[in-house]
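# Fold and geometry: a report
Now for the letters of each chain:
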Amino acid sequence: MRAALLAAALSAAFAHAEVLKVDASAPAAAPKTGTIQTGSSVSPRGEKLGINSQYLTKNGQPWLPVAGEFHYSRVPAERWEAELRKMKSAGVDIVTSYIIWSHHEEIEGRFDWSGNRDLHRFVQLAHKAGLGFVARVGPWAHAEVRYGGVPDWVVNAMPTRSDDPQYLHYVERFYNEIGKQLKGQLWKQGGPVIAVQIENEYNLIGPGKGEGHIAKLKELALKAGLDVPLYTVTGWDHTVYPSGAVTPVFGGYPDVPWGASEKKSGPKETYAFRFGTRVSGDLGAQTKGTVLGAAETDMDSTPFLGAEYGAGLPAMYRRRTLVSPDDIASMLPVQLGSGLNMVGYYMFHGGRNPLGLGGTTMEESTLSGGYNDTPAINYDFNAPLGPDGQQRPVLARLRPFHHFLQDFGARLAPMTVRKPDVTPATLKDLVTPRWSFRGQGERGFVFMSNHVRQYPMAVQRGVQFDIKLPGGSLRFPQQPFDVADGAYFIWPVNFDLDGTRLEYATAQPVARLDAGKEGIVYVFSASAGIPVEMSLEPAAAAWLEAQGGASGVSGVATSTSGPRIAAGAERVVLSGIAPGAAAAFTLRKPSARPVSVLVLTPEQTAQLAIGDFAGQRRLVLSAQQPYFADGKLELRAAGQPRFRFAVYPALPTAPKAGAKVTPAGHDGLFQVYEAAMPQQTIEASVTPLRPAQPMPPPVRGGNAKAAMQPIPEAWSRAAAWRVKLWGAAPAGLDAALLDIDFTGDIARLHNGTRWLDDWYYNGQRWQYDLGAARLGPGAELTVTVLPLRADTPIYLPEQALPNFAGQPQVASIGKVSVIPVYKLSVGP
C-alpha cells in the first residue's frame, strides 16, 4: 500500500514538473596532443606536467587545479607564510603573482629583491606550503600600477610594449634578474615554478608589435633561464599571440569597476553559461584590439584555462562596486559548466602598494595617463583574504568547490560540455533556466545557477533533469524540486563511490576522505531548500546500511531517524535524507572497505575545512576561520577569544594548544572541542582636528571622459580627526584591526607624516592592522576625509549612498574601534 501511494504521488509530481533536457549521447572529440609547445616538464622526482587541447595533466592523469593571485610586493614579508598556508587550506593549488618591474627597479640599474620584494623567499615559502607558482613576468602587467608596472624612467625615454631595441635591452636585463631569483626553484629543478605568463592583455598590432613581440618576449624569458612546463598569455580583449607557442588563459568579473557609467551594470556574462566562446566580456584592458584575437580561433587546440576570475572587485574612483560572497561563488558552477579546466582568481589576497623612494606613490591614475583612478596605497580588491590576512565570508562559499576540484577534478577535466535543449536567449533573460551538463560516457555533472548579481531571478518550479546518455535517458530526481532565486550547485550523475554507482544525487559532492580503519567517507553538501535524494545501483540494496539501522533493504523501508528507501529492479532511491554531522548511509560491500556518505547542511559546509591535522587528512568544522600549517590546526577569532571546533576522524590523543582545550562531546561523526583566551581591549578615542572646506565642482576627463578624482591640492579641504589608542599593550594577538566607519569621498590614515593607508568610500568597512605598523596604546593617528559632493558623477552601491541631508557635500566619521584577532594553534 505504501509503495502504491508513493508511486501515485510521484506520478502526480511528474505531471507538473519542468523537465530540463540535454542530449549528451553523441561521442566527444578526443583531446589532441602536441598542439602547444612546452618547456622542461619533468621534475627530478619524475613528476610530469602536461597539456593537451582539452586539459592539463599531472603524471599522466587529468588535472584541474585552482590558482589564486597574491602580490608578494604588496604584503609584509612576515605575513607571507601564514597567508600562503591560508590559501592552501582554502583549496588553492597554485599561487600566481605579477613580478612588478617598477617595484624592483624604480631607479635604473638599482634592483631591489629584499624584504617585501624578496621574490626568491616568497617562492620558497609557496613551495613549503605545497603550492605551485606561476610567474607573471610582464614586463607590462597592469595590476593597477602606474604605466602597468613599467618604470617611469623607461616610459620617459623610449617606446614600450614593442620590439624597440632599447626597450628590449632593459626588458632582457629585468628578465635576467627574475631568472636569478627563480634559479633552483623551477619545476625541472624540483621547485614549484610551473609556468610563466608573458605580457598581459596584449592586443597591439603593427610594426614591432603583434604576435612577433610575444614570441620575442618568450625568447628572452628562455634566454634568462625561465625554462618551465607552460607559457601563457591572457586571452581576452582580442589578444594576439603566436599560436602554439603559448596557451591563452581567461577570466571574467561580476562588474566593470573600470567602466564609465554612473549606473548599475546590466547582467554580466560571468553568470551566463557559454557554449562556443571563452571570452567573458570587458575585463578592463587598457588598449583596444582591432582584429579577431587568437584565442577565438585556437579553441580546438587549447584548453579552457582560467587566470582572472574576480574573487572580488577593486574600488575605482568612478565605480565603487561591492560584491557578496554569492556573487563570487555562483560564478563557479557557470564557468566549470562552460568547460573551464583551471580556476584562476584575481585577486585571492589583497594588499597595499609600496611607497616609492621619497614616499612617492606608484598607483594607476588619470593624472599619469591611466584609464582609471585607484587608491594610492590600498589594494584590498574585496578579496577572500584581505590585506591584513582577514579571512572573509566569501572563503566559506568558495572552499567547498575547491575541495570538490581537489578530489574529483580528475573526473571532471575530460568531460565535454553539452548544451541544453533550451537556453537563455540573452544576458537579460532572467527567466529561462541557466544550466549545463558535462559528461564522459555515462558519467557527468549537472551545473546550475539561478544567481545574477543585483538582479532577481525567476524561481524555477517543479524541476527535473532529463539527461540523454549513450546508454539511455536518466530523469531525476523522482521528486521535482524548486530552484530559488540565488541558488547554485553541482550535482553528480553516475558517480563512483569506490565501486558502487551513485546514479544521481541532489546534493553537491565535496570530498573523498580516507578515514583509515573507519573506511572511506564521501562528503556531500545539501543545497539550501532542496530535499536530498540519492539513487544507487540496484545491487547496493544488499550492502546498504542507512542511518537509523535499515540494512539489506527491499521494497520500501522507512526508519524513524533515517531516510526513506525504495529499492527496485533499476535503482535504490534514498529520499528524505536529513543533512547533518552523522553519516546518511554506509555501504558495506563484501571484501571491501566500508564507504559512508556524509551530507552536511549548507551552514556546516560553510564551516568546513579539510587538511592535514595530527598526522592525517581530516575534516574540521569551525566558525573561527580554520586553516592548517605543519600538521596543526590554526583558528582565528575576531573580536571574541572563544573557539569551538569539531574534527573527524577523532584525534588519537588530547590536542595541545596555547590555551586549555576542553572536550565538548560529539556531533554525529565529529569530536567537538572548545577553548578560550583572555580578552584583550584596545580603545580608540576620536577628536576633531579641522572641519571640511567646500569642494570645487567635480571634473570629468581623462581617457574615459568620466569623473576624475580630485587633484592632490584638494586635500587642503579635507576634514581631519585625531585617533588616540588606549589600553594595555596587546600580547600575542594575530592582528589588531583599526576599524573605521566614515562617509565621504576618499579617506587617508597617517601616523604623523607617515602615510599608512587610504580608502575610497564604498560602504565596505575600512580596516588596517596596527600590529603590522608596530602601533599600540599611546599612538596617535590622523584620519582625513575628503568631502564627497552630492553632484559627483560616480557609481556607488545602493546600500552605500550617503544621506546628504540637503547639504552639498558630506565628510563625517562614525565609530572607530580596534578589533583584536586571536589565534589558537592546535596540535597533537
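Given the structure is predicted, the values throughout are model-derived calculations rather than measurements. (Residues numbered from 1 in each chain as written. Predicted model: local features only at pLDDT ≥ 70, side-chain atom pairs only at ≥ 80, totals over all residues. Heavy atoms only, no water.)

### Side note on the overall build of the protein
When helices and strands are counted, the protein shows 12 helices and 49 strands. At 27 Å, the protein has a C-alpha radius of gyration in line with the 28 Å of a compact globule built from 828 residues. C-alpha extents for the protein along the principal axes are approximately 85 × 65 × 55 Å. For the protein, with 828 residues in total, the buried portion stands at 61%. Of the contacts formed within the protein by residues at least 6 apart in sequence, a portion of 73% connects residues at least 24 apart. Of the accessible surface of the protein, which amounts to about 30000 Å², a share of 52% is contributed by carbon and sulfur atoms. The positive charge centre, built from 79 side chains, and the negative charge centre, built from 74, are 3 Å apart in the protein. (Helix = DSSP H or I, 4+ residues; strand = E, 2+ residues; numbered from the N terminus. Rg over C-alpha atoms; globule rule 2.2 N^0.38 Å. Buried < 20%, exposed > 50% of the residue type's maximum accessible area, 1.4 Å probe, protein only. Contact = heavy atoms within 4.5 Å. Areas by Shrake-Rupley, 256 points an atom, 1.4 Å probe, with all protein chains shown as cover. Lys, Arg positive; Asp, Glu negative; His and termini not counted. Charge placed at Lys NZ, Arg CZ, Asp CG, Glu CD.)

### Details of the sheet that holds strand S30 (residues 595-600)
Strands sit in the order S22-S23-S30-S29-S25 across an open sheet of five strands; the sheet is mixed. A strand with exactly one partner marks an edge of an open sheet, and here the two such strands are strand S22 (507-514) and strand S25 (544-546). Across this sheet, the average inter-strand angle for adjacent strands is 20°, counted without regard to direction. In terms of strand pairing, S22 meets strand S23 (residues 520-526) through seven bridges, oriented antiparallel. By the bridge assignment for S23, Pro509 is matched with Phe524. Contacting S22 and S23, helix H11 (residues 394-412) runs over the sheet at an angle of about 75° to S22. (Pairing = 2+ DSSP bridges. Axes fitted to C-alpha atoms, helices over the stretch in contact; angles between N-to-C directions.)

### So, the nonpolar core
Burial of nonpolar side chains together is a common tendency in soluble globular proteins. Ranked by size, the top nonpolar core spans 137 residues in total, and within it Phe524 and Met534 carry the most contacts. One finds Trp715, Ala747, Leu786 and Leu796 within the second-largest nonpolar core, a separate group that totals 43 residues. (Core = buried A, V, L, I, M, F, W, Y, C linked by side-chain atoms within 4.5 Å.)

### Examining the environment of Lys58
Note on placement: Lys58 falls in strand S3 (residues 56-58). Considering only alpha carbons, one finds Lys58 and Glu47, 11 residues apart in sequence, at a separation of 7.3 Å. Here Lys58 is in contact with Lys48, Leu49, Trp63 and Trp187, once residues within four sequence places are set aside.

### Comments concerning the packing of aromatic side chains
Under the definition given, this model contains 37 aromatic pairs. The interplanar angle of 55° and the centroid separation of 5.0 Å between the aromatic rings of Phe481 and Trp491 together place this pair among those described as tilted. Residue Phe481 is located in strand S19 (residues 472-483), and its partner Trp491 is located in strand S20 (residues 488-497); the two are separated by 10 residues in the primary sequence. The class for Phe481 is buried, based on a relative accessible area of 3%. (Phe/Tyr/Trp six-rings, centres within 6.5 Å; stacked < 30°, edge-to-face > 60°.)

### Topic: the packing of helix H4 (residues 119-128) against helix H6 (residues 165-182)
In contact at an axis separation of 8 Å, H4 and H6 are set at 45° when each is read in the N-to-C sense. What the angle tells us is that H4 and H6 run oblique. Crossing of H4 against H6: the hand is right-handed. Counting all contacts with H4, which are made through Leu119, His120 and Val123, the residues of H6 involved are Ile178, Gln181 and Leu182. Grouping the amino acids of the contact of H4 with H6 by side-chain chemistry returns four nonpolar, two polar and no charged. (Parallel < 35°, antiparallel > 145°, perpendicular 65-115°, else oblique. Left-handed = near helix turned anticlockwise from the far one by under 90°. Nonpolar A, V, L, I, M, F, W, Y, C, P; charged D, E, K, R; others polar.)

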